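This is what each chain is made of:
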Amino acid sequence: MADIDSITLDVADPEAAARFYADAFGLDEGLVRLRAAADPSEGFRGFTLALTVPEPADVDSFTASAVAAGASVLKPAAKSLWGYGAVMQAPDGAIWKLATSTKRSTGPATRRVDDVVLLIGVADFAATKRYYVERGFTVAKGFGRVYAEFAAGEGRVKLALYRRKALAKDLGVAPEGSGSHRLTANAAGTEAFTDPDGFRWATAEARPPPELPAAVRAGPVHRRPVGVTVNQLPRRGGSLGWSVMPETPLDDLLHPPTVPYDHGFLDTGDGNRVYYEQLGAPEGKPVLYVHGGPGAGAPRRATRAWDPARYRVIRYDQRNCGRSTPHASDPSADMALNTTQHLIDDMELLRAHLGIERWLLDGASWGSTLILAYAQQHPERVSEIVLQAVTTTRRAETDWLYHRVSAFKPEAWDRFRAAVPEHTWDGDVYALLAAYARRMEHPDRAVRAAAADAWLAWEDAVISDEPNGLPGMYSAREADDRIAFVRICAHFFSNGAWLAEDQLLRGAHRLAGIPGVLVHGRYDMGSPVQTAWELAKAWPDARLHVFDDSGHVGGEAMRRTVFEALEEFKHH
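Here's a quick rundown of the structure. (Residues numbered from 1 in each chain as written. Predicted model: local features only at pLDDT ≥ 70, side-chain atom pairs only at ≥ 80, totals over all residues. Heavy atoms only, no water.)

In terms of helices and strands, the chain carries 16 helices and 23 strands. Here the chain has a C-alpha radius of gyration of 27 Å; the compact-globule value for 572 residues is 25 Å, and the two agree. Along the three orthogonal principal directions, the C-alpha set of the chain runs to about 90 × 55 × 45 Å. Evaluated residue by residue, the chain yields a buried proportion of 55% over its 572 residues. By sequence separation, contacts in the chain at least 24 residues apart represent 74% of the contacts at least 6 residues apart. Just so you have it, the chain exposes about 23800 Å², and 52% of that area is on carbon and sulfur atoms. Put simply, the chain has 64 plus and 74 minus side-chain charges, and the middle of one group is 1 Å from the middle of the other. (Helix = DSSP H or I, 4+ residues; strand = E, 2+ residues; numbered from the N terminus. Rg over C-alpha atoms; globule rule 2.2 N^0.38 Å. Buried < 20%, exposed > 50% of the residue type's maximum accessible area, 1.4 Å probe, protein only. Contact = heavy atoms within 4.5 Å. Areas by Shrake-Rupley, 256 points an atom, 1.4 Å probe, with all protein chains shown as cover. Lys, Arg positive; Asp, Glu negative; His and termini not counted. Charge placed at Lys NZ, Arg CZ, Asp CG, Glu CD.)

Across the sheet, which stays open at both edges, the 8 strands sit in the order β16-β17-β19-β18-β20-β21-β22-β23 with mixed pairing between neighbours. Each edge of the open sheet is held by one strand with a lone partner, namely β16 (260-267) and β23 (542-547). Taking each pair of neighbouring strands and ignoring which way they run, the sheet shows an average axis angle of 20°. In the packing of helix α8 (residues 366-377) onto the sheet, contacts are made with β18 (285-290), β19 (311-316), β20 (359-365) and β21 (382-390), and the angle to β20 comes to roughly 145°. Packing against the sheet, helix α15 (residues 529-538) makes contact with β21, β22 (516-521) and β23, and its axis sits at approximately 160° to β22. (Pairing = 2+ DSSP bridges. Axes fitted to C-alpha atoms, helices over the stretch in contact; angles between N-to-C directions.)

Across the interface, helix α11 (residues 429-439) lies against helix α12 (residues 445-463) with an axial gap of 9 Å and an inter-helix angle of 145°. Contacts from L433, Y436 and R439 of α11 reach α12 at V447, R448, A451, A454 and W455. Its residues assigned to classes, the contact of α11 with α12 shows 6 nonpolar, no polar and 2 charged. (Nonpolar A, V, L, I, M, F, W, Y, C, P; charged D, E, K, R; others polar.)

Right, let's talk about the pairing of β16 for a bit. As judged from the 7 bridges shared by β16 and strand β17 (residues 273-280), these two strands associate in the antiparallel manner. Paired with F265 across the bridge in β17 is Y275. If you look at the hairpin formed by β16 and β17, you'll find 5 residues sitting between the two strands, and G269 has a positive phi there, around 90°.

Next up on the list: the nonpolar core. Residues Y436, W455 and W539 are the most contacted members of the largest nonpolar core, which totals 79 residues. Once residues lying within four places of it in the same chain are set aside, the contact partners of W455 are Y402, F416, L433, Y436, V486, C489, A490 and F493. With 43 residues, the next largest nonpolar core counts L31, A66, F150 and F193 among its residues. (Core = buried A, V, L, I, M, F, W, Y, C linked by side-chain atoms within 4.5 Å.)

The next thing to look at is the packing of helix α10 (residues 410-418) against α11. One way to put it is that α10 packs onto α11 with a least axis distance of 10 Å and a crossing angle of 55°. Regarding the angle of α10 to α11, the classification is oblique. Seen from α10, the contacting residues are W413, F416 and R417; seen from α11, they are L432, L433 and Y436. Considered class by class, the residues forming the contact of α10 with α11 number 5 nonpolar, no polar and 1 charged. (Parallel < 35°, antiparallel > 145°, perpendicular 65-115°, else oblique.)

Here we take up the environment of V133. Mapping V133 onto the fold places it in helix α3 (residues 125-134). Taking C-alpha positions, V133 is 45 Å from C321, a pair spaced 188 residues apart along the chain. Ignoring sequence-local partners within four residues, the contact set of V133 consists of V139 and F150.

Here the focus is helix α2 (residues 56-69). Over its 14 residues, α2 runs 20 Å from end to end, which matches the ideal 20 Å to within 8%, given 1.5 Å per residue. Listed in full, the buried residues belonging to α2 are P56, A57, D58, V59, S61, F62, T63, S65 and A66. The elements touched by buried residues of α2 are α1 (14-24), β5 (72-79), β6 (84-89) and β7 (95-100). The positive-phi residue at the C-terminal boundary of α2 is G70, with phi of around 120°. (Expected span 1.5 Å × (residues − 1).)

On to the side chain of S6. Secondary-structure assignment places S6 in strand β1 (residues 3-11). Here S6 falls in the buried class, since its relative accessible area comes to 0%. Side-chain polar atoms of S6 contact the side chain of R33, separated by 3.4 Å. Once residues within four sequence positions are removed from consideration, S6 is found in contact with G30, L31, R33, R156, T184, A185 and N186. (Polar contact = N/O pair within 3.5 Å; in protein donor to acceptor, adjacent residues only side chain to side chain.)

Quick look at α11 now. Within the span of α11, buried status applies to V429, Y430, L432, L433, A435, Y436 and A437. Residues of α11 that are buried sit in contact with α9 (395-402), α10, α12 and α13 (479-493). The backbone nitrogen of Y430 lies 3.0 Å from a side-chain oxygen of the residue at the head of α11, namely D428.

Below you can see the structure in the form of structure tokens.
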């Protein structure tokens, strides 16, 4: 690994440039070195230097001082999916980016720089990445074929690669350029070289570690308290964070479509056969995708969310739904053999069947309840957890979804309640759901289908007015799948999923040591953000991301954050 100690910029007037950088940023002595330019340069020089700072107030402060010192603003300070940032061009022509992964300041500007990042635009991303890896650089994070961040070691400057045209677009400049980059990276532990895109590297003498004051050396070590982070991934080991990452459409970041390389049925020993399939790399990091519902079934389309070169992805259909048998649309399927504990045991049986020691768990909605229940029983089998639209299926959540949210949809709820006329509403939501469960056991398929239609119409109504709400999201299923979904849901929810009240929140301490990412829409009408907030406070290693533009259905920002988490965890 080469540790970048400093950057040398070739400038027309070194003295004027020195004054600019002192007044604009006040960086550490020797971090940016200056020398008289000898080679011509036209247009975009193919790189940006990014400063990651604590909060938006720092972005604004550095922007103001840079402009006062003579910089030109290419992109004014503004919020983005990644946080808050600005782009400017120094008088010498170098482009600088100021960024923070937070969107709201909690105090005045500190004018502290957390990281300095050299982000270079490359013509052939795969070739340049391979070139640096072969020279001993270690990829710390990556986004498929478009972005890579390298481990910094002891260097003061981090290195990241991005496609040249995309980088230019992110900076607000044309991608064309010719001549010298007018930049040299000075790194300890490497000989001088020039990379495939013409960026020059020079040898720098290793710096001894700074001598700390005696009071600091003798003082106690203070750990940063574990807390809940909103809209910000945790920064591990000094990583630069995601705020420097350019604004790339999510579709450009996703991996190539991946289809199953293996599938089969797991015999549970009680007459049930659970369908499963495997995608990606057979020797990769195992990840189990746990679908929602209960009874929704696993997606059947090709996936692009998981890196097929790094992950061994297992998708499966929980009991009595999807391709698992017997199917819940068949009235002979015994629902007594389908409980939360049965599903937990199936997960553990599947893990052993596939020869997996530990796996990452990824799921949404009901899937998050099942993941939490499994992980609290088998924490030693879980490496990381990623949850979306977080639920724990406690009574308060069920009462909200099938009763109290009716304050927003009274006419739809009246229709939902009227579909089981034999039930007299007395305020007990479990009794209402039990009436549906009895209807879903009726021998007449038409009766079961009518009850399923009424249930799914209510589910559709709940999310219809959310940001990104999809009309008919629940009801747009094949007839058998509609019946199976509602039969399983009514069976589980009328029984409180066989979980004690607040069981999964009270048991969250069992997840200690398991990294978790929780992603939730603030306007989730089906599962309010309160549960995600309480879980994040109870789970010491979880980080919560709440998005104001999303509900239960999610949105691009939520999907992007899940993708980022999966990209991060694939390196663990």
